[in-house]
Amino acid sequence: MEETNLRFAERFKIWFGIGALMFGTYCGANMASGVYATTYMVPVGGGWMWLWLAVFILFMAFFCAVALDFIRVYKSDNYNSYYLALWGADKPNTHPLFRLAVSVFFDVYTTLMGVVTVAATIALTANLFHSLFGIPMGIGSIATVVLFTLLSMYGAAFLRKFNTVMTISLTVCLLIVLIAVIQIRGPELAARLFDFKGGLNWTGSSVSGHLGMFLSYCFISASWGGTLSNYSEKIRTKKDAVCAGIMIGILVASLFLMTGLIVLPFMPEAFVDAPILYICQNYLPGALTVVYWVVVMFSVVSTGPTFIFNTSNRFVRLWKTERVPHRMKLCAIAVAFLLLCLLLSQVGLIAICQQWYTKLGNIAIFAIAIPMLVSIVRVHKKDKEAAAAANRP
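Below is a summary of the structure that appears in this document. Quantities reported herein were computed from a predicted structural model and do not represent experimental measurements.

Take helix α6 (residues 96–133) next. Taking 1.5 Å per residue as the helical rise, α6 with its 38 residues ought to reach 56 Å, and the 54 Å between its terminal C-alpha atoms agrees with that figure. Positive backbone phi, at 75°, marks Gly 134, one or two positions downstream of α6.

What follows is the structure, given as structure tokens:
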């Protein structure tokens, strides 16, 4: 019994570790701003939030579990090998053009995901500067691009080392904000938690209209296999894959729940580009606003440069000339990437969440989700073959 308990404890540590990794990945600047909550969780009322949370957990847990199980069988250790295997382009007899097309498509998709994420981060940073210091949004956006360029060149490695500290700090700060909100708006929060009618006219969106947008966003969860492939070497069994997937769904959904509870008592007033900052500035003590702003800024300067560095590092390998120093290549790619992000950031944080993440989710339905459903049968067949081989004398 003691050995079994120990084995379960070891397995649970692995499941929780992967769940915590995804929790930290999601706990970035855009989640901390509260705009995910106002856009996806509470735009039509608090009662519907529980349905959206349940749907999100199902999507996230299912696709992450399927991805982890696929990675376990096909031994993928990076996003390129993962997508090649998912599309059956990893075989030795695969036509080179098909293999190239799959690689290029998912390079473009992954880069586009980075552009949308960093554009949202630029929009949030510009909004933070504007809200607290009155700096015009355009100037704030340009200053953010300059800051991100310098950090991606000289400080990305340093910032990545402190990702865990920033995630913990941000989580603690959000919990403190939630406690403060309950103290001043507890009755309003309690009244709205299971109200299915009061929020139907908050944003002009119907339940059916919001459901369509939300489902498109949920399909982005199908794309997390590319990230998980880098951290899944300890997933040994199907049970590991399923339990880790469930853990990811629950932990990430807890972020949506926490930020949703913060903004719910202030809706529809809080339907702005930085809802939690707005709440802190207008309803909570000034000291808490300062702490929240500092923590979110740390989150911002962690999220942006990390995506930029990863993108630059991926494409610098295609720049073959030796005449240009490596650091200058990284800088040029980072600047080009950031200019795309700057252009997209001008549409605003809410529009990015409502439109661009939805577009990426729609692409993921056909490019990733459907092949993943097919992969369930492929993995089952591989497991049967492995079991048969193991039972042969």
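Within helix α5 (residues 79–86), six of the eight residues are buried, which leaves the element mostly enclosed by the surrounding structure. Looking only at α5, the buried set comprises Tyr 79, Tyr 82, Tyr 83, Leu 84, Ala 85 and Leu 86. Residue Gly 88 follows α5 closely and has a positive phi angle near 70°.

Mapped onto the elements of the fold, Val 118 is located in helix α6. On the basis of relative accessibility, which here comes to 0%, the residue Val 118 falls in the buried class. C-alpha of Val 118 to C-alpha of Arg 236: the two residues are 118 residues apart in sequence and 34 Å apart in space. Not counting residues within four places of it along the chain, the set of residues in contact with Val 118 comprises Phe 148, Gly 304, Phe 307, Ile 308, Phe 337, Leu 338 and Cys 341.

Quick look at the pattern of salt bridges now. Under the counting rule described, the total for this entry stands at five salt bridges. For Arg 11, the salt bridge is made with Asp 240, and the minimal N-O distance between the two is 2.5 Å. Of this pair, Arg 11 sits in helix α1 (residues 2–26) while Asp 240 sits in helix α12 (residues 238–263), and the two are 229 residues apart along the sequence. Judged by its relative accessible area of 2%, Asp 240 falls in the buried class. Asp 69 serves as the salt-bridge partner of Lys 238, at 2.5 Å between the closest nitrogen and oxygen. Residue Lys 238 is located in helix α12, and its partner Asp 69 is located in helix α4 (residues 46–74); the two are separated by 169 residues in the primary sequence. Note on Asp 69: relative accessible area 8%, which makes it buried.

Each value, and the rule that gives it
- Residues numbered from 1 in each chain as written.
- Predicted model: local features only at pLDDT ≥ 70, side-chain atom pairs only at ≥ 80, totals over all residues.
- Heavy atoms only, no water.
- Helix = DSSP H or I, 4+ residues; strand = E, 2+ residues; numbered from the N terminus.
- Expected span 1.5 Å × (residues − 1).
- Buried < 20%, exposed > 50% of the residue type's maximum accessible area, 1.4 Å probe, protein only.
- Contact = heavy atoms within 4.5 Å.
- Salt bridge = Lys/Arg side-chain N within 4 Å of Asp/Glu carboxyl O.

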